Amino acid sequence: MSQTSPHQRPTVVVVGGFLGSGKTTLILCAARLLGQRGLRCAAILNDQGGELVDSRHAEARGLLAGEVTGGCFCCRFSALASVMDTMRSLSPDVIFAEPVGSCTDIAATVLRPLREDFDRYRIAPLTVLVDPARAEELLREDADADLAFLFRKQLEEADLVCLSRADLLRDMPTISGINARHLSARTGQGVNEWLDEVLFGHLEAGQKALEIDYSRYAQAEAALAWLNLSFVLEPCPAISPSTVVGPILDGLDRALTAAGIAIVHVKIFDRSDAGWLKAAVCANGEEPAVEGDRDASPSSRHELLLNLRAKGSAGQVRRIVEEQLGDLNGMKRGLRLDCFSPAAPNPERRIPQATSPDA
Ligand SMILES: Nc1nc2c(ncn2[C@@H]2O[C@H](COP(=O)(O)OP(=O)(O)OP(=O)(O)O)[C@@H](O)[C@H]2O)c(=O)[nH]1
Ligand SMILES: [Mg+2]
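Residues numbered from 1 in each chain as written. Chains lettered and ligands numbered in written order. Predicted model: local features only at pLDDT ≥ 70, side-chain atom pairs only at ≥ 80, totals over all residues.

So, on to the site of ligand 1. Taken together, 21 residues lie around ligand 1, and Gly 22, Thr 24, Thr 25, Gly 101 and Ala 289 are the ones closest in. Considering each element in turn, the shell around ligand 1 owes the most residues, three residues, to helix α1 (residues 23-36). Residue classes in the shell around ligand 1 are distributed as six nonpolar, 10 polar and five charged. Here the shell around ligand 1 gathers at least three residues from each of two domains, domain 1 (11-220) and domain 2 (223-340). (Near = placed C-beta within 6 Å. Helix = DSSP H or I, 4+ residues; strand = E, 2+ residues; numbered from the N terminus. Nonpolar A, V, L, I, M, F, W, Y, C, P; charged D, E, K, R; others polar. Domains from an automatic or database assignment.)

Here it is as structure tokens:
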């Protein structure tokens, strides 16, 4: 692919990294910057559950988005390939793929199988995005053992590690043995340079060997609670999206904290006739990050979608969310609530060793 004219083969850029590390935000920023270079982008989002805030957010930002739901890319590899092929008919130059944030062993189960069987795509090196605060938390000796396991395995298999949120920190942490890029998907700092490296650089995809015990991996993922909730809220009188979303996030934060449950990522998306709003927190007590139409006027109909990932029991998380729902004023229609701990990963294909570089 030249930097101005598209290559015949779309490039698939897998952006991995822990829950809340900033993958979707980076993909949205990168797609915007590539659009300015005349390149057409698409994204494939992924989840163990069925309804994704990330997809709604991508669509709200005007990015062509597809989904693989009901399992991670490795367990639903055929579904990933089929979504890629559907998107290919729309002639994108770059297809970003965002795996579930608790996933690892992606080089062996996604990148290498794609390289081996799908030469109609160019496969970019595996980027693993890291939130500096999460790195400091999970690389400590006393870190939560399950989360630290997943985080370290993600780092080990990365072809390229990028530290996100460079806009927030003057001094980024160092990670022993890793030469990380620094970038900010908020300001765009470092994003063009990262794109040049993954699209036009010389790094090969899926070059790092990863040893992983799948029963330990399954245990670490199963320690998470996963909840997706969607419903339509009809408040009377009408209220603004920020008046809907803010108290829901605050209430959940308070209740989860009181129950000793660590938030990993909670995000909520509101679509009303006044526009869309997304708010998210990646830790207990964190000030929500808000995007979209912050000053949208009151509306009497809000389509709400909540994705909650926390360290704790699915049953307890479900009860907390149901209690919060009970406290919400207004008619609730079409409520769908799915809450579970991720099932043991069972990849469709696995190529443990690095394949030879592209000709
Ligand atoms: N200040 C700042 N905030 C960021 C940056 N990147 C992401 N964020 C915020 O971090 C939060 C998580 O970002 P996401 O892009 O949703 O993270 P993710 O890795 O896709 O999360 P999951 O899909 O749940 O795994 C959001 O509230 C973003 O606004 C950044 O570069 N700077
Ligand atoms: Mg995401």
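After that view, the rundown keeps rolling.
Size of an interface: often given as the accessible area lost when the parts come together. Segmentation of the protein into domains returns domain 1 (11-220) and domain 2 (223-340). The centre of domain 1, based on its C-alpha atoms, is set 25 Å off from the matching centre of domain 2. With 17 residues of domain 1 at the interface, the matching set in domain 2 holds 19 residues. Counting only elements with at least two residues in the side of domain 1 that touches domain 2, the list comes to α2 (53-60), α6 (145-157) and α8 (214-222). For the side of domain 1 that touches domain 2, the element with the highest residue contribution is α2, accounting for four residues. Grouping the amino acids of the side of domain 1 that touches domain 2 by side-chain chemistry returns six nonpolar, seven polar and four charged. (Contact = placed C-beta atoms within 7 Å.)

With that settled, consider the nonpolar core. Of all hydrophobic cores here, the largest spans 105 residues; its most connected members are Ala 43, Phe 96 and Ile 268. Broken down by element, this core gets its largest block of residues, seven residues, from α1. Counting contributing residues, this core receives three or more from each of domain 1 (11-220) and domain 2 (223-340). When near neighbours in sequence (up to four residues on either side) are disregarded, Ala 43 contacts Ile 27, Ala 31, Ala 58, Leu 63, Ala 65, Phe 96 and Glu 98. (Core = buried A, V, L, I, M, F, W, Y, C linked by C-beta atoms within 7 Å. Buried ≥ 20, exposed ≤ 12 C-beta atoms within 10 Å, placed from the backbone.)

Bringing the pairing of strand β9 (residues 224-234) into the picture now. As paired elements, β9 and strand β13 (residues 302-311) share 10 bridges and run antiparallel to each other. When the sheet's bridge partners are listed, Trp 226 is paired in β13 with Arg 309. The sheet contact formed by β9 and strand β14 (residues 331-340) spans eight bridges and is antiparallel. Its bridge partner being in β14, Leu 233 is matched across the sheet by Lys 332. (Pairing = 2+ DSSP bridges.)

Let us look at the pairing of strand β7 (residues 160-163). Here strand β6 (residues 127-130) pairs with β7 via four bridges, running parallel. When the bridges of β7 are listed, Val 128 appears paired with Val 161. Relative to strand β8 (residues 181-182), β7 runs parallel, the two being bridged by two bridges. Bridge pairing in β8 places Leu 163 opposite His 182.

Our focus in this paragraph is the sheet that holds strand β11 (residues 275-281). Strand pairing in a sheet is mediated by backbone hydrogen bonds. Such pairs are either parallel or antiparallel. One open sheet accounts for six strands, arranged β12-β11-β10-β13-β9-β14; its pairing is antiparallel. In the strand order of this sheet, the two ends are held by β12 (289-292) and β14, each with one partner. Each neighbouring strand pair of the sheet contributes to a mean axis angle of 10°, computed without reference to strand direction. Of the strands in this sheet, β10 (262-272), β11, β12 and β13 touch α2, which is tilted by about 45° from β10. (Axes fitted to C-alpha atoms, helices over the stretch in contact; angles between N-to-C directions.)

By the burial criterion, the buried members of helix α7 (residues 191-200) are Val 191, Trp 194, Leu 195, Val 198 and Leu 199. The arc that holds the buried residues of α7, viewed along the axis, is 115°, so those residues lie on one side. Exposed residues pointing more than 90 degrees away from the buried face of α7 are listed as Glu 193, Asp 196 and Phe 200. Contact partners of the buried residues in α7: β1 (11-17), α1, β4 (94-98), β6, β7 and β8. (Arc of directions from axis to C-beta.)

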